[in-house]
Each structure stands twice: as C-alpha cells, then as structure tokens.
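Architecture and fold: a report
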Amino acid sequence: MEENVRHTVKQILTEYLQKNGHRKTPERFAILDTIYSLTGHFDIDGLYRHMAEKEKFRVSRATLYNTIVLLIDAGLVIKHQFGNSSQYERAYHNGTHHHMICTSCGKVTEFEDESIKEAIAGSQLKAFSMSHYSLYVYGLCSHCVTARRKKSH
C-alpha cells in the first residue's frame, strides 16, 4: 500500500506544479518521497539531516522551506505549531489523530480516541463543511510530572 500512496502523492504534486506553473524538479520529488517515507512529525532540520545522511540527497534549507510551502499548498503536508516549534507531517493517507504537547519539555505524542472522533464527527457546524481537524491537548508528560515531584520534595 505504501507504494500506492507514494505514486498517488507524486501524481498530486505533478498536477499541482503543472496547474500553478511551477517546475517539476528532482529535488521537489525527492523531498516529497522522503517525507512520505517518514512516520510521525518532523521539522526542517530533521528532514535536512535525514536527506543528507540516509537518502544521500543534498538540498539546501531554502529549497526545503520553499518546497514545504508548495507541499502545504498542494494539500500533501500539514504544518503544526507546537509552542515555539513548527513541525510537519504528511497529509495524504494519514489517519485522524490527536496530539498531547508537554508544556515543560515540548514532547509531542500522538494519540487516538474514538469518543473524541465520534463527538467531532457528530458536531453540527452551521454553514461549514469540515474536511479535517487537529486537536492539541497541553499539559505535562509523565516524565516531567515525575521530575517536578522529585524537585518539590
């Protein structure tokens, strides 16, 4: 199935680039392919390192930033703002999930909750047709709770 997803996202990007008068460069497709080989969230620096070390494909950070903007516009990548950091994840064929963000260490953990999904799906939003949503829950992760307890004793 992953190969089908990769093929589909390449088609979506090709159509987006043609429609908007952008060039179809090997760098853009390599970045897209790398993103869709990752699971979970990533930031630009992590993507840059991954491409250089694992993929042996060097692109500038400017190229990464510009391509991410195109991929967001094409609906292929989602941008999240977790506190002070921007993180991204693939958008196509990525099931609905929620995020817990630790306000102390910044750790982001994905979770799923069927009752939350059902409540949101059952919501009657007036004059609005929902396509997707993101849910962020802020608090302290178990590691930070334990560290604070030890510090206060």
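What comes next is a walk through the structure. Just so it is clear, the structure is predicted and the values come from calculations on it, not from any experiment.

Reading the values: rules and limits
- Residues numbered from 1 in each chain as written.
- Predicted model: local features only at pLDDT ≥ 70, side-chain atom pairs only at ≥ 80, totals over all residues.
- Heavy atoms only, no water.
- Helix = DSSP H or I, 4+ residues; strand = E, 2+ residues; numbered from the N terminus.
- Buried < 20%, exposed > 50% of the residue type's maximum accessible area, 1.4 Å probe, protein only.
- Phe/Tyr/Trp six-rings, centres within 6.5 Å; stacked < 30°, edge-to-face > 60°.
- Lys NZ or Arg CZ within 6 Å of the ring centre and 35° of its normal.
- Axes fitted to C-alpha atoms, helices over the stretch in contact; angles between N-to-C directions.
- Parallel < 35°, antiparallel > 145°, perpendicular 65-115°, else oblique.
- Contact = heavy atoms within 4.5 Å.
- Nonpolar A, V, L, I, M, F, W, Y, C, P; charged D, E, K, R; others polar.
- Pairing = 2+ DSSP bridges.

Summing up its helical and strand segments, the protein has six helices and five strands in all. Going from the N terminus to the C terminus, the protein shows its helices and strands as α-α-α-α-β-β-β-β-α-β-α. Counting only C-alpha atoms and orienting by the principal axes, one finds that the protein spans roughly 60 × 45 × 30 Å. Counting across all 153 residues of the protein, residues that qualify as buried make up 29%.

With that settled, consider the packing of aromatic side chains. The tally for this structure, following the rule as stated, stands at one aromatic pair. The aromatic ring of Tyr48 is capped on one face by Arg61, whose charged end is 3.9 Å from the ring centroid.

Packing of helix H2 (residues 26-35) against helix H4 (residues 61-73) leaves a shortest axis separation of 10 Å and a crossing angle of 75°. Accordingly, the angle class assigned to the pair H2 and H4 is roughly perpendicular. Counted together, Glu27, Arg28, Ile31, Leu32 and Ile35 of H2 and Thr63, Leu64, Thr67, Ile68, Leu70 and Leu71 of H4 form the full contact between these two elements. Considering only residue class, the contact of H2 with H4 consists of seven nonpolar, two polar and two charged.

Looking at the element boundaries, Gln87 is found in strand S2 (residues 85-90). When near neighbours in sequence (up to four residues on either side) are disregarded, Gln87 contacts His41, Phe42, Ile78, Lys79, His80 and Phe82.

With that settled, consider the pairing of S2. Where strand S1 (residues 77-82) lies against S2, six bridges are found, and the strand directions are antiparallel. The residue bridging Val77 from the neighbouring strand is Arg90, located in S2. Joining the antiparallel neighbours S1 and S2 is a turn of two residues, in which Gly83 adopts a positive phi near 65°.

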